[in-house]
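Next come the chains, spelled out residue by residue.
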Amino acid sequence: MRVRKSAAAPASVRDFASVHASLLDWYDEHRRDLPWRQTSDAYAIWLSEVMCQQTRIETVIPYYLRFLSEFPTVMSLAEAPLDRVLTMWSGLGYYRRARMLHGAAQQVVADHGGRFPEAPGELRKLSGVGQYTAGAIASIAYGVRASVVDGNVVRVLSRLFAIGQDMRGGAGLQQIWAIADSMVPTERPGDWNQALMELGATVCTPQSPQCGICPLQSVCEGRRRGIERDLPRLAPKAKPKRWRRVALVATDERGAVLLARRVRDGLFGGLWEPPSVDADGPEEGMPRLGAMTGLTLKKGRCAHVGSFVHILSHRRIEADVCLVKDVKRSATTQNGAKNSTEYDRFEWVDTAMLSERPMTKFARKVLNAAPIG
DNA sequence: AATCCGGGGCC
DNA sequence: GGCCCAGGATT
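Nothing here was measured: the structure is a model prediction, and the numbers come from that model. (Residues numbered from 1 in each chain as written. Chains lettered and ligands numbered in written order. Predicted model: local features only at pLDDT ≥ 70, side-chain atom pairs only at ≥ 80, totals over all residues. Heavy atoms only, no water.)

Q: Outline the overall build of chain A, supporting the account with residue identities and numerical values.
A: Each helix and strand in chain A was counted, giving 14 helices and 8 strands. Per-residue burial over chain A gives 49% buried out of 373 residues. When the accessible surface of chain A is split by element, carbon and sulfur atoms take 49% of a total near 18,100 Å². (Helix = DSSP H or I, 4+ residues; strand = E, 2+ residues; numbered from the N terminus. Buried < 20%, exposed > 50% of the residue type's maximum accessible area, 1.4 Å probe, protein only. Areas by Shrake-Rupley, 256 points an atom, 1.4 Å probe, with all protein chains shown as cover.)

Q: I'd like a rundown of the packing of helix 2 (residues 42-52) against helix 6 (residues 96-112), residues and numbers included.
A: At a minimum axis separation of 10 Å, helix 2 and helix 6 run at an interaxial angle of 160°. Comparing the axis directions of helix 2 and helix 6 gives the class roughly antiparallel. Note that helix 2 runs across helix 6; the crossing there is right-handed. In contact with Trp-46, Leu-47, Val-50, Met-51 and Cys-52 of helix 2, helix 6 contributes Arg-97, Leu-101, Ala-104 and Ala-105. Its residues placed into classes, the contact of helix 2 with helix 6 shows 8 nonpolar, no polar and 1 charged. (Axes fitted to C-alpha atoms, helices over the stretch in contact; angles between N-to-C directions. Parallel < 35°, antiparallel > 145°, perpendicular 65-115°, else oblique. Left-handed = near helix turned anticlockwise from the far one by under 90°. Contact = heavy atoms within 4.5 Å. Nonpolar A, V, L, I, M, F, W, Y, C, P; charged D, E, K, R; others polar.)

Q: Residue-level account of the protein's contact with DNA strand C, with values.
A: As a matter of local geometry, DNA strand C sits amid 29 residues, with Gln-54, Arg-96, Thr-133, Asp-150 and Arg-155 nearest to it. For DNA strand C, the fraction of protein-proximal atoms (within 4 Å) that sit in sugar or phosphate groups is 60%. Within the backbone of Gly-130, one N or O atom sits 2.9 Å away from a phosphate oxygen of DNA strand C. Within the contact set of DNA strand C, a phosphate oxygen lies 2.5 Å away from a side-chain nitrogen or oxygen of Arg-155. (Near = heavy atom within 4 Å. Polar contact = N/O pair within 3.5 Å; in protein donor to acceptor, adjacent residues only side chain to side chain.)

Q: Explain helix 8 (residues 131-142) to me, using residue names and the numbers behind them.
A: Taking 1.5 Å per residue, 12 residues should reach 16 Å; helix 8 reaches 16 Å between its end C-alpha atoms and fits that length. Judged by how many residues are buried, helix 8 sits mostly within the fold: 10 of 12 residues are covered. Of all the positions in helix 8, only Tyr-132, Thr-133, Ala-134, Gly-135, Ala-136, Ile-137, Ala-138, Ser-139, Ile-140 and Ala-141 are classed as buried. Tucked inside the fold, the buried residues of helix 8 contact helix 2, helix 7 (120-123), helix 10 (170-183) and helix 11 (189-202). A positive backbone phi angle near 70° is found at Gly-143, which sits one or two residues after helix 8. (Expected span 1.5 Å × (residues − 1).)

Q: Residue-level account of the pattern of salt bridges, with values.
A: Summed over the entire model, instances satisfying the criterion amount to 17 salt bridges. Its salt-bridge partner being Glu-118, residue Arg-115 comes within 3.5 Å of it at the nearest N-O pair. Its relative accessible area of 36% is what places Glu-118 among the partly exposed residues. The closest approach of N and O atoms between Glu-347 and Arg-357, which form a salt bridge, is 2.5 Å. Taken together, the positions of Glu-347 in strand 8 (residues 343-349) and Arg-357 in the loop between strand 8 and helix 14 (361-369) put the pair 10 residues apart, joining distant regions of the chain. (Salt bridge = Lys/Arg side-chain N within 4 Å of Asp/Glu carboxyl O.)

Q: Give me the side chain of Ser-158: which residues, what numbers.
A: Within the secondary structure, Ser-158 is located in helix 9 (residues 151-160). There is a polar contact of 3.1 Å between the side chain of Ser-158 and the backbone oxygen of Arg-155. Residue contacts for Ser-158: discarding those within four places in its chain leaves Val-153, Ile-163, Met-167, Ile-176, Leu-231 and Pro-232.

Q: How would you explain the sheet that holds strand 3 (residues 272-273) if you had to name every residue and give the values?
A: Strand pairing in a sheet takes place through backbone hydrogen bonds and is either antiparallel or parallel in direction. Judged by pairing direction, the sheet is antiparallel, and its 3 strands sit side by side in the order 3-2-8 without closing on themselves. At either margin of the open sheet sits one strand with a lone partner, and together these are strand 3 and strand 8. Examined bridge by bridge, strand 2 (residues 257-262) and strand 3 share 2 bridges and lie antiparallel to one another. From the neighbouring strand, Ala-260 faces strand 3, where its bridge partner is Glu-273. (Pairing = 2+ DSSP bridges.)

Q: Give a description of the environment of Ile-213 that names residues and reports values.
A: Positionally, Ile-213 belongs in the loop between helix 11 and helix 12 (221-225). Measuring from C-alpha to C-alpha, the distance between Ile-213 and Val-203 comes to 7.5 Å, with 10 residues separating the pair along the chain.

Q: So what's going on with the pairing of strand 2? Which residues, and what values?
A: Within strand 2, 5 of the 6 residues are buried, leaving the element largely enclosed by the surrounding structure. The pairing of strand 2 with strand 8 spans 6 bridges and is antiparallel. The residue of strand 8 that forms the bridge with Leu-259 is Glu-347.

Q: Explain unusual backbone geometry to me, using residue names and the numbers behind them.
A: In this model, Leu-231 is joined to Pro-232 through a cis peptide bond whose omega is -5°. If you trace the backbone, Pro-232 turns up in the loop between helix 12 and strand 1 (242-250). Here the phi dihedral of Tyr-94 falls at roughly 45°; this positive angle occurs in a residue that is not glycine. With respect to the helices, strands and loops of the structure, Tyr-94 is situated in the loop between helix 5 (82-89) and helix 6. Despite not being glycine, Ala-162 has its phi angle at roughly 50°, a positive value. Along the chain, Ala-162 turns up in the loop between helix 9 and helix 10. Overall, Ala-162 belongs to the buried group, its relative accessible area being 12%.

Q: Describe the packing of aromatic side chains, listing the residues and the values that go with them.
A: Overall, the coordinates contain 7 aromatic pairs when judged by the stated rule. Look at Trp-46 and Phe-116: their rings are 5.0 Å apart centre to centre, the planes differ by 45°, and that puts the pair in the tilted class. Linking Trp-46 in helix 2 with Phe-116 in the loop between helix 6 and helix 7, this pair joins segments that are 70 residues apart in sequence. Across the pair, Phe-116 and Trp-46 agree in class, each one buried. These aromatic residues form a ring-pair network of at least three members: Tyr-43, Trp-46 and Phe-116. A cation over a ring is seen here: Arg-66 above Tyr-63, with NZ or CZ 4.9 Å from the ring centre. (Phe/Tyr/Trp six-rings, centres within 6.5 Å; stacked < 30°, edge-to-face > 60°. Lys NZ or Arg CZ within 6 Å of the ring centre and 35° of its normal.)

Set out below in structure tokens:
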């Protein structure tokens, strides 16, 4: 296999056989002992790949173990209530992944008799499975010769071949995919893909690549030219806007906490949280929170939690109400307007039952900080 | 092609 | 405070 000329493959990498041997040998000796590297179960590997999307490995491990313990088979996941799945996902972020994971499990049961297909084209039809994840499952679980391109692979290959194209654009990524495709060996394709990513994660790192211990240092064109730190070239991203998020933590006389469930689509879709609004200040958010929850809010004293907390008191119910203000990054919107939070239901929840609700990590933080329970 | 989706670790 | 992370869906 060869890289097409536009890929500018250096002469030293014309023959991939030695590169395969170098990197695979290195991988065999230096790979991290990750839980999903002890199985060939396509379901477990799929789960790990979805969890690892845009998420650090160290973060994923405890979630992966808990999730697999709760849902040991694709069948058990398919049959589980979505709320249970979201609860197990709670804190991991990108919650649409959890909904798509649940849907894909049902697809596998319905369309494939509970066994993951081997062909990347078939895997690609599962919800939440893109080109990367399809290639990962096929190569790692089934030994299919398919390639993967993630952030690590982009970095390693753009350096190895000294490709200066912008890797946020489609053309640059397309070139990396072409190279990755051409490089996957017939033997051990899954290990090769993981080795490429492992190298990017542990040696060929974004800031300070450790070229001195890299198994590919002698054939790396970026290294030879001394431009490895400037690669991959990434066009600057648009800066997100910021505003404050204000949460209302209300408890009734029995100590139950008022929670609201966000609408299914959009930010934190389907998750529960203390009723919250985006506002410039806590006073601005109070009327909206009051209207939303039916509570009459009255400003009380101030305490410090995270940024700071306003303790309020309620007139009709003798309950403590506190307002937590936090500066939170939010997405850029076209008109610069604040995100509107929509809820589809409210509920008073006993504090002992809070762990059973799918919630964001921030919502748990707010509840832990508030004087409840 | 551009934008959105979380949360955390690191510099 | 900015960057990055085992990406994919949506428009």
